[in-house]
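Report on the structure
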Amino acid sequence: MKNQMINGFSLFFKTCRFWVFVSLFNLCSILGVAVVIYPKEYSHALRNPLMGFRYDTSSSGYQQPYAAVTRCYIKWNEIENDESDTIDKIKSVCDTKWKDIEKYNVKVIPRVYLDWDRRSGNEYWPVDMTKGDYGSEQFKTRLRRLIQRLGQCWDNDPRVAWVQMGIVGLWGEHHSPSPSAEIQQLMGEEFTAAFPNKKVLVRRPWETFTNFQFGGYWDSWANWGQMDHGTGIDNLNDTTQRWKVSVFEGEIAYNCCEYTTQPGDSPNDTLTDPAHLDFLLDTIRNLHCSGLGWISGYSKTDPAVLAGAEEVQGAFGYRYLLNEVRYPAMLTPGANFSMQFKVTNVGSAPICYNWPVEVSLLNPTTKAVVWKANFAGCDIRNWLSGDQYNSTTRTYTVPAVANTVSGTFQLPGTIANGQYILALAILDPAGMLPSVRFSTVNYFNGGRHPIGYAGVGVTPGQTQLSPGLFDDPAGDTSLYYVK
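Notes on the structure follow. (Residues numbered from 1 in each chain as written. Predicted model: local features only at pLDDT ≥ 70, side-chain atom pairs only at ≥ 80, totals over all residues. Heavy atoms only, no water.)

Read across the sheet, 9 strands follow the order E5-E7-E8-E9-E10-E2-E3-E4-E6 without closing on themselves; strand pairing throughout is parallel. Only two strands of the sheet have a single partner each, and these edge strands are strand E5 (163-164) and strand E6 (167-170). As judged from the 2 bridges shared by strand E4 (residues 107-115) and E6, these two strands associate in the parallel manner. Within the sheet, the bridge partner assigned to Asp115 lies in E6 and is Leu170. Docked against the sheet, helix H7 (residues 227-240) engages strand E8 (215-218) and strand E9 (248-251), running at close to 165 degrees with respect to E8. (Pairing = 2+ DSSP bridges. Helix = DSSP H or I, 4+ residues; strand = E, 2+ residues; numbered from the N terminus. Contact = heavy atoms within 4.5 Å. Axes fitted to C-alpha atoms, helices over the stretch in contact; angles between N-to-C directions.)

Structure follows, in structure tokens:
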């Protein structure tokens, strides 16, 4: 009898525990805390801001494949030909050169220069300054004023990606002549003060401007005759981790040193010859490169060239793989809800600015935004790529890690009950518009990534979205960052 009572109580408690579990499960299902979505990875390269193949500063260049950045050379005497010229002249020249650039979701990398090459007549000094005078008190005074004015014009200009320091030397490349120690200190201090919001890049940051946290541009990227430059960037990154806080980019020069050995005779050669292509990809990964020019002149009709270009574009800069998203299936008007997602940067470098991440609810029929809010405390600059690249295994010895982003949001009490699509987006703060694309097939034209269905005041009939609803992110040319 005693054993029967014990067995009876045991069965009773097991039954209670079962129904408590079932009740909790049902409650969780109602509240939606168990909804987990694993978005499928997008297999192609993406045209994303602040990275990629660099094209010419023109409307035709802005419409090229992967166009997101463009370098703009600016002569000093274009923006200031006399001490009496005002800051408005700088703004006017830039507005003309960069007309409508924001409509194409493209940003500019400006570089001011004084001397183009060694040929007479290719100097662009103001008329009231002495050509070739890089050391006088007048030069230093005017240099300070120019840098301060550039900061006033460009530091908060949403069209500017970052700034190549330039000015001194041929093409503004800090050679022939190189900036003296005094000029380095002057320019370093002034550029740092003038550009608290924009990154500044110099030609050889491992041996010049070493007192400052500048990034670097290599104007003969992966050139066999200039591999000391690559070694310098590599050592700088190893010792200071500079790649985590600044930008490294440049161009491939097909006219100097030992370029036929590496990276090849032409852009097409680089992108089709396996030895050249692998060498370029290894340098991009190893040096955490965000983008390159000149090579962007590749053929847009040759399938073999296009395949190589896509592989290179996929290696440039950041590439955000959306691993999973968790959110409640049912939301309550006027109440808080929490959600999180995981993202891994499988590219070569982080993004250099902290752009906001948005969650939104979309009308499932029109895709219009019904509600939106930004994740507080989310800093996408911390979404780092891997590091310590191994060219033998062609992988990072220190792999990229998944970043978990969590947020708590309050829905307005006025939102109507019904079924919506929950979406994510990374915004350009210039106009708070969707801009950066995750590497996932879950995409709507306009820049938002639909994740799954969520109900407001109701339980959704389903949470999974049909792949037939999605648009091709590589085919979307509608993005812009300022209305």
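What follows continues from the structure just given.
All right, on to the packing of helix H5 (residues 137-154) against helix H6 (residues 181-194) then. Remark: H5 packs on H6, axes separated minimally by 8 Å, with the N-to-C direction vectors making an angle of 25 degrees. Relative to H6, H5 is oriented roughly parallel. Along this stretch, H5 crosses H6, giving a crossing that reads as right-handed. Of H6, the residues touching H5 (which contributes Phe139, Lys140, Leu143, Arg144, Ile147, Gln148 and Gly151) are Glu182, Ile183, Leu186, Met187, Glu190, Phe191 and Ala194. Of the residues contributing to the contact of H5 with H6, the split by class is 8 nonpolar, 2 polar and 4 charged. (Parallel < 35°, antiparallel > 145°, perpendicular 65-115°, else oblique. Left-handed = near helix turned anticlockwise from the far one by under 90°. Nonpolar A, V, L, I, M, F, W, Y, C, P; charged D, E, K, R; others polar.)

Within the structure shown, the criterion is met by 31 aromatic pairs. Consider the rings of Tyr134 and Phe139, whose centres lie 5.6 Å apart with planes at 80 degrees: the pair is edge-to-face. The residues Tyr134 and Phe139 share a single accessibility class, namely buried. Put simply, the rings of Tyr318, Tyr320, Phe337, Phe341, Trp371, Phe375, Trp383, Phe409 and Phe438 pair up and form one aromatic cluster. (Phe/Tyr/Trp six-rings, centres within 6.5 Å; stacked < 30°, edge-to-face > 60°. Buried < 20%, exposed > 50% of the residue type's maximum accessible area, 1.4 Å probe, protein only.)

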